[in-house]
Amino acid sequence: MADAPAPEATKPVEQPAAATPAAPGGEDVGEAGPSKKALKKAEAKAKKEAEKARRAAEHQASQAAAKAAAGSAEDLAKDSYGPVTPTTKVDSARAHLKDVDASLLGKTIKLRAWVQNSRMQGAKMAFVELREERDWAIQGVVAASAEGTPVSKQMVKWIGAVSLESFVLVEGRVERPLEPVKSVRVSEFELHITKCYVVSRGPEVLGMGLAVSGRPVANFDDEEPSTDAGVEAATKAVEAASLEPGAALPGASMATHLSNPAMHKRSPVQQAIADVRVATRKLFAEYLDAQGFNQFEPPCLIGAASEGGSNVFGLPYFDRQAFLAQSPQFYKQIEIAGGRKRVYCIGPVFRAENSNTPRHMTEFTGLDLEMEIEEDYTEVRDMLERTLLHIFRGLRERCAEQIALIRTVYPSEEFLLPAPGQEVRLTFAEGQALLRAEGPAEYRDASDSEDMSTPQEKALGALIRAKYKTDFYVLDKFPEGARPFYALEDPADPRVTNAYDFFMRGQEILSGGQRIHDPEVLAARIRKKGVDPDSPGIKEYVDVFRSAGVPPHGGGGIGLDRVVAWYLNLPSVHLCSYYPRTPKRLTP
C-alpha cells in the first residue's frame, strides 16, 4: 500500500476572548476593577442585608424576652404567698415579737400578725409593718431575687397591696436593719419575709384607722353617728393614712370609736387601759383573799326595786315584773347574816339614771365587800382604805409600762399617795370647813348638812392635794340626810352617820359605812326616810334581820371603772369600760 500523502502544516487555532466578569447589578467590570457605581450598589446591598440581620436578631431577642416573661408569669414563688388554704403549712419555729432578740438573728421564724402599714419601694421591694399584739410591731422587708425565688416580683407586688389590718401568717428571717426602725417597737430587728399568707383580709377602707384610734378621743358625745358621719369618719381615716410620718392626726369622737369596736380595741392605748383594769380587779381580789374574805356571786335579777329607789331597770319576767339590781348591798348583808365573817363580790351594777356625763354609765362593774364589825365601824373603813392603797401601789409596780404608754396619749401627773401612817381622813364637816376657808369664793357658804356637788368635790380635791400632797383621801361622818336608810346614825350625834366616801383626784369612787343590824331600828329608819318597811323588796330585806341574830357589820362599794379612770386621770370612765352603756348607747 502506497504510503498516504503527508498532512498540511497545522495552523494555530484562535481562542475566543475570555468572557468579562459581570459586576454586581449586571454592570461590567473593566480591567481596572469595579466601577464607583458598582461599589455604591454593593455597599447599599450590604447595608440592607445587615439591617435585615439586625432586625431579625432584635426580633429573636424580643421573642426570647417575651418567652422569658411568659415563663416568669408562672411565678416560681407562687406557693409562698396568697390566701391561706386548709393545706397551707409553715414549719418554721413560732416566735412572739416581745421575745425577739439577738439570739434569733439569722434564724427563720413564723409570725401571725396584722398588717399595720405598708409601702412599695420600686417594683422589687416592699416594707410592711407587722403588729402582733398591743404595740408590739416589727418592720418586714420583702425583696424580689433575680432568680424569682424564694421571692418574686409578683409576690412583692401582692404583699404590698394587702389591705391594712389584714391578719396574715408570715415566715421570715430575723436580721438587723441598717439603722433602728423608729416607727415600730421592735426597732433593732427586722423580718426578711419569705412567705406571706392572708388569713383574713381587711376592708379596702377602714372605718377608723389605727393611727386615729390611738389619738385622744375628740369628744364623748356617744350618740349613734349618722350615715353621713360614718362616711366622714372613713374619709378622714383614709386621709390620715396618707399623712407623712409625724404629721398631726385628727382625733375621732367616742361615737366613732364605739361604732368601730375592732379598731377601737386594737389601739395600743386601749389595750393598755384594759391591762390596768384587769390588774386593778386582780389586786382587789388578791388582797381580800389574803385578809380572809370569801368571794360570792350576787344575782343581777331581783323581784323588787332594790333599796326602794326608782332608778332601776324593769323587765318582764314570765308572768311578773323583774328588775336589774342597782347594788349587791342586800346580798352582801345576807351573806353576813348567813354566817360569813367577810365577803366580797365583783360584778355588774345597773343604774337607770339618765346621766350623760363622763363619770356615769348605766352599767358598770362594782367591787364590793362586807365584813363583821367587832369593836368599831372604822375597822371597815380602814380595811377599805388599805385595800385601795394596795391596789394603787400594785398598779404602780405591775403596770408601769402601760401607764407610761397611756400618758403619751392622755398626759397626767403622777397619782400621789400618802406616806404610810399619814393617810388623810377628814369628817364631812372638816372638808366643808376647808372648802369654805380656802376654796373658791362660791363655796364660802358650803353646808355641813347637804351632800357635795361634783364641782365641790373637785375643788376640795385640789385643796387636799396642795395641802396634804395626796390624791387619795377619805371623807367620814356624812350627814344623815345624804345617806340611804340602812346607814347607821352616829350614836353620839344622830345628825351624821357612820358612813364615808373615798376620793381620787377629787372625785368619789366609793361609798360605804356601817349598816343597821337591828330590825326594829332598821324599820324605824326606813319610815323616817318615807318608805314603808312592809313594801315589796324592803319587807324581805328587814325579815332577814328578824329571822336570826345578825352581828354588826359594814362595807362599801367601789366603782372599778372610776378607779381606773381617775388613777390614770382619763377624761371619761367610758374609756375604761369594755363596752360602755349609757342612756344613748346600747351597742356594740
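By convention here, each chain's residues receive numbers from 1 onward along its written sequence. Side-chain atom pairs in this predicted model are given and counted only at pLDDT of 80 or more, local residue features only at pLDDT of at least 70, and totals for whole chains, interfaces and linings cover all residues. With hydrogens and water stripped out, all remaining heavy atoms of the structure feed into the side-chain values.

Things to note about the overall build of the protein
A tally of helices and strands in the protein yields 15 helices and 20 strands. Each of the 588 residues in the protein was classed as buried or not, and the buried ones make up 45%. For the protein, the proportion of contacts with a sequence separation of at least 24, taken over those separated by at least 6, is 69%. Using a 1.4 Å probe, accessible areas were evaluated by the Shrake-Rupley method; residue-level cover was limited to the displayed protein chains. Only carbon and sulfur atoms are counted for the fraction: they give 53% of the accessible area of the protein, which is about 30,500 Å². In DSSP terms, a helix is any run of H or I states spanning at least four residues, a strand is any run of E spanning at least two, and both are numbered starting from the N terminus. For each residue, the accessible area found with a 1.4 Å probe, counting protein chains only, is set against the maximum for its type, and the residue is called buried under 20%, exposed over 50%, and partly exposed in between. Only heavy atoms enter the contact rule, under which two residues are in contact if any of them lie within 4.5 Å.

A short note on the packing of helix α7 (residues 268–290) against helix α9 (residues 378–398)
Axis separation between α7 and α9 bottoms out at 9 Å; the angle between their running directions is 135 degrees. As summarised for this structure, α7 and α9 are arranged oblique, according to the angle between their axes. Considering how the two elements wind past one another, α7 and α9 form a crossing that is right-handed. The residues of α9 that touch α7, namely those facing V276, A279, T280, L283, F284, E286, Y287 and L288, are M383, R386, T387, H390, I391, G394, L395 and R398. The residue makeup of the contact of α7 with α9, split by class, is nine nonpolar, four polar and three charged. Helix axes use the C-alpha atoms of the stretch in contact, all axes being lines fitted to C-alpha atoms, and the angles between their N-to-C directions lie in the range 0 to 180 degrees. With respect to orientation, any angle under 35 degrees is reported as roughly parallel, any angle over 145 as roughly antiparallel, any angle of 65 to 115 as roughly perpendicular, and every other angle as oblique. Less than a right angle of anticlockwise turn of the near helix away from the far helix marks a crossing as left-handed, whereas a clockwise turn marks it as right-handed. The residue classification treats Ala, Val, Leu, Ile, Met, Phe, Trp, Tyr, Cys and Pro as nonpolar and Asp, Glu, Lys and Arg as charged. All others, Gly included, are polar.

So, the sheet that holds strand β9 (residues 301–302)
We treat two strands as partners when DSSP finds at least two bridges between them. Taking strand neighbours across the sheet as the criterion, the three strands line up as β9-β11-β10 in an open arrangement whose pairing is antiparallel. A strand with exactly one partner marks an edge of an open sheet, and here the two such strands are β9 and β10 (313–317). In this sheet, strand β11 (residues 320–324) lies alongside β9 in antiparallel orientation, the contact comprising two bridges. Looking at the pairing, L301 lines up with L324 of β11.

Thoughts on the nonpolar core
For soluble globular proteins, nonpolar side chains are generally found buried alongside one another. Of all hydrophobic cores here, the largest spans 58 residues; its most connected members are L388 and F392. Those residues within four positions of F392 in sequence are excluded, and the remaining contacts are F415, L417, F472, M504, V563 and Y567. In this description, a nonpolar core means a group of buried Ala, Val, Leu, Ile, Met, Phe, Trp, Tyr and Cys residues linked to one another through side-chain atoms lying within 4.5 Å.

Looking at the pairing of strand β6 (residues 167–175)
By the bridge criterion, seven bridges tie strand β3 (residues 108–120) to β6 in an arrangement that is antiparallel. If you follow I109 over to β6, its bridge partner there is G172. The sheet contact formed by β6 and strand β7 (residues 190–200) spans nine bridges and is antiparallel. Residue E175 lies in a different strand from β7, and its bridge partner there is E190.

Brief notes about a nonpolar patch on the surface
A contiguous nonpolar surface patch, about 270 Å² in accessible area, is contributed by V278, Y578 and Y579. With respect to the helices, strands and loops of the structure, Y578 is situated in the segment after α15 (560–567). Given a relative accessible area of 36%, Y578 falls into the partly exposed group. Each patch groups residues whose relative accessible area exceeds 30% and which form no salt bridge, using 9 Å between like charges and 5 Å between nonpolar side chains of Val, Leu, Ile, Met, Phe, Trp and Tyr. One side-chain nitrogen of Lys or Arg within 4 Å of one carboxyl oxygen of Asp or Glu is enough to make a salt bridge.

Structural notes on the sheet that holds strand β14 (residues 425–427)
Strand order in the open sheet formed by eight strands is β8-β12-β13-β20-β19-β18-β15-β14, and the pairing between neighbours is mixed. Either end of the sheet is taken by a strand with one partner, and the two such strands are β8 (294–295) and β14. With three bridges connecting them, β14 and strand β15 (residues 472–476) associate as parallel partners. Following the sheet pairing, R425 is matched in β15 by V474. On the sheet, helix α11 (residues 428–438) packs against β14 and β15 and is oriented at approximately 90 degrees with respect to β14.

What to know about the environment of D451
Take D451: it is sitting in the loop between α11 and α12 (454–468). Take D451: its relative accessible area is 42%, and that puts it in the partly exposed class. For D451 and A482, which are 31 residues apart along the polypeptide, the C-alpha to C-alpha distance reads 5.6 Å. Residues contacting D451, with those up to four places away along its chain left out, are F428, Q456, F478 and A482.

Points about helix α2 (residues 153–160)
Owing to its 3.6 residues per turn, the α-helix brings residues three or four apart onto one side. Inspection of α2 places M155, V156, I159 and G160 among the buried residues, and these make up the whole buried set. Buried residues in α2, looked at end-on, bunch into an arc of 130 degrees, giving them a common side. In the core, the buried residues of α2 are packed alongside β1 (81–83), β3, β4 (125–133), β5 (136–143) and β7. For this quantity, the arc is that covered by the directions from the helix axis to the C-beta atoms.

So, the pairing of strand β12 (residues 342–350)
With two bridges joining them, β8 and β12 adopt parallel strand pairing. The residue of β12 that forms the bridge with N294 is V343. Bridge count between β12 and strand β13 (residues 363–372): nine bridges; the pairing is antiparallel. By the bridge assignment, F350 is partnered in β13 with E363.

Concerning the environment of R340
Note that R340 resides in the loop between α8 (329–337) and β12. The partly exposed category is assigned to R340, whose relative accessible area is 40%. Residues R340 and N294, 46 residues apart in the sequence, show an inter-C-alpha distance of 7.8 Å. Apart from the residues lying within four places of it in its own chain, the contact partners of R340 are N294 and E335. Among the polar contacts made by the side chain of R340, one reaches the side chain of N294 at a distance of 3.5 Å. Each polar contact in these results corresponds to two N or O atoms within 3.5 Å; when the atoms are within protein, one needs to be able to donate a hydrogen and the other to accept it, and residues that are neighboring in sequence are counted only if both atoms are side-chain atoms.

Read these as geometric descriptors, not functional statements.
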